[in-house]
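Close look at the chain arrangement
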Amino acid sequence: MGLAVCVGCGETKEGAFDVCDGCGLDPARGGTDRMLQARSLWLSERFFSERELAELGRKLRTGEPVGYDAGQLSQLVDELKTQKLPVLSSASPGCSIVTWSLLGMLLALAAGLAYLYGTWKH
């Protein structure tokens, strides 16, 4: 995703939704705080140059106010509501236990029906 600044401590990080190495802030935690995610996305290369991000990070580190664009944040919150970002998904790839259980039951049912059909025919 590119360079970003942590909204919690102002440290530079690789992506807007990455966990901050400086303070441990995780914008993707559970996918519930859309405003935190919008602020995190706003403080990224998507909206600012590397030089501007360095200045915003300095302001956050020294406690100076950072003026967030309320209109832009509102648009980002709406955008985030309609997208499932991979960083927000904690599910592992592949089939879930429920899927494997259903598949196992279907195979057992098919085997049972095949057995009954075989014994009924003889």
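Residues numbered from 1 in each chain as written. Predicted model: local features only at pLDDT ≥ 70, side-chain atom pairs only at ≥ 80, totals over all residues. Heavy atoms only, no water.

Considering helix H2 (residues 50–62)
Look at H2: 18 Å from first C-alpha to last across 13 residues, which is about the 18 Å you get at 1.5 Å a residue. Restricting attention to buried positions, one finds in H2 the residues Leu 53, Leu 56, Gly 57 and Leu 60. All buried residues of H2 lie within an arc of 100° about the axis, which places them on one face of the element. Of the exposed residues in H2, the ones pointing more than 90 degrees away from its buried face are Arg 51 and Thr 62. (Helix = DSSP H or I, 4+ residues; strand = E, 2+ residues; numbered from the N terminus. Expected span 1.5 Å × (residues − 1). Buried < 20%, exposed > 50% of the residue type's maximum accessible area, 1.4 Å probe, protein only. Arc of directions from axis to C-beta.)

What to know about a negative patch on the surface
A surface patch of like charges, here negative, comprises Glu 14, Asp 18, Asp 21, Glu 45 and Glu 50. Relative to the assigned elements, Asp 18 resides in the loop between strand E2 (12–13) and helix H1 (34–42). (Patch = residues over 30% accessible without salt bridge, like charges linked within 9 Å, V, L, I, M, F, W, Y side chains within 5 Å. Areas by Shrake-Rupley, 256 points an atom, 1.4 Å probe, with all protein chains shown as cover. Salt bridge = Lys/Arg side-chain N within 4 Å of Asp/Glu carboxyl O. Lys, Arg positive; Asp, Glu negative; His and termini not counted. Charge placed at Lys NZ, Arg CZ, Asp CG, Glu CD.)

Quick look at the environment of Leu 25
Its location among the elements puts Leu 25 in the loop between E2 and H1. Sequence-wise, Leu 25 and Cys 9 are 16 residues apart; in three dimensions their C-alpha atoms are separated by 8.5 Å. The residues contacting Leu 25, other than those within four sequence positions of it, are Cys 6, Val 7, Gly 8, Asp 18, Val 19, Cys 20 and Leu 36. (Contact = heavy atoms within 4.5 Å.)

Focus: the side chain of Ser 40
In this fold, Ser 40 is placed in helix H1. Engagement of the side chain of Ser 40 in a polar contact is seen with the backbone oxygen of Leu 36, the distance being 2.9 Å. Not counting residues within four places of it along the chain, the set of residues in contact with Ser 40 comprises Val 7, Ala 16 and Pro 27. (Polar contact = N/O pair within 3.5 Å; in protein donor to acceptor, adjacent residues only side chain to side chain.)

What to know about the nonpolar core
Ala 38, Trp 42, Leu 43, Phe 48, Leu 53 and Leu 56 are the most contacted members of the largest nonpolar core, which has 24 residues in total. Beyond its immediate chain neighbours, meaning those up to four positions away, Leu 43 contacts Ala 4, Val 5, Val 7, Phe 48, Leu 53, Leu 56, Leu 60 and Tyr 68. (Core = buried A, V, L, I, M, F, W, Y, C linked by side-chain atoms within 4.5 Å.)

Some words on the packing of aromatic side chains
Centre distance and the angle of the planes are the two values used to describe a pair of aromatic rings. Across all of its chains, the model carries two aromatic pairs by this definition. Aromatic pair Trp 42 and Phe 48: ring centres 4.8 Å apart, planes at 85°, arrangement edge-to-face. Taken as a pair, Trp 42 and Phe 48 share a single burial class, namely buried. Summarising the aromatic geometry, the rings of Trp 42 and Tyr 68 are spaced 5.3 Å apart at their centres and angled 50° between planes, so their arrangement reads as tilted. (Phe/Tyr/Trp six-rings, centres within 6.5 Å; stacked < 30°, edge-to-face > 60°.)

Details of the pattern of salt bridges
Inspection of every chain in the model, using the stated rule, returns three salt bridges. The salt bridge involving Arg 46 is made with Glu 79; its shortest N-O contact spans 3.0 Å. Taken as a pair, Arg 46 in the loop between H1 and H2 and Glu 79 in helix H3 (residues 70–81) lie far apart in primary sequence, 33 residues in all. The exposure class assigned to Glu 79 is partly exposed, which follows from its relative accessible area of 24%.

Things to note about H1
If you check which residues of H1 are buried, you get Leu 36, Gln 37, Ala 38, Ser 40, Leu 41 and Trp 42. Residues of H1 that are buried sit in contact with H3.

A look at a nonpolar patch on the surface
A contiguous nonpolar patch, built from Leu 106, Leu 109, Leu 113, Tyr 115 and Leu 116 and spanning about 570 Å² of accessible area, is present on the exposed surface. Looking at the secondary structure, you find Leu 106 in helix H4 (residues 97–121). By relative accessible area, Leu 106 is classed as exposed at 55%.

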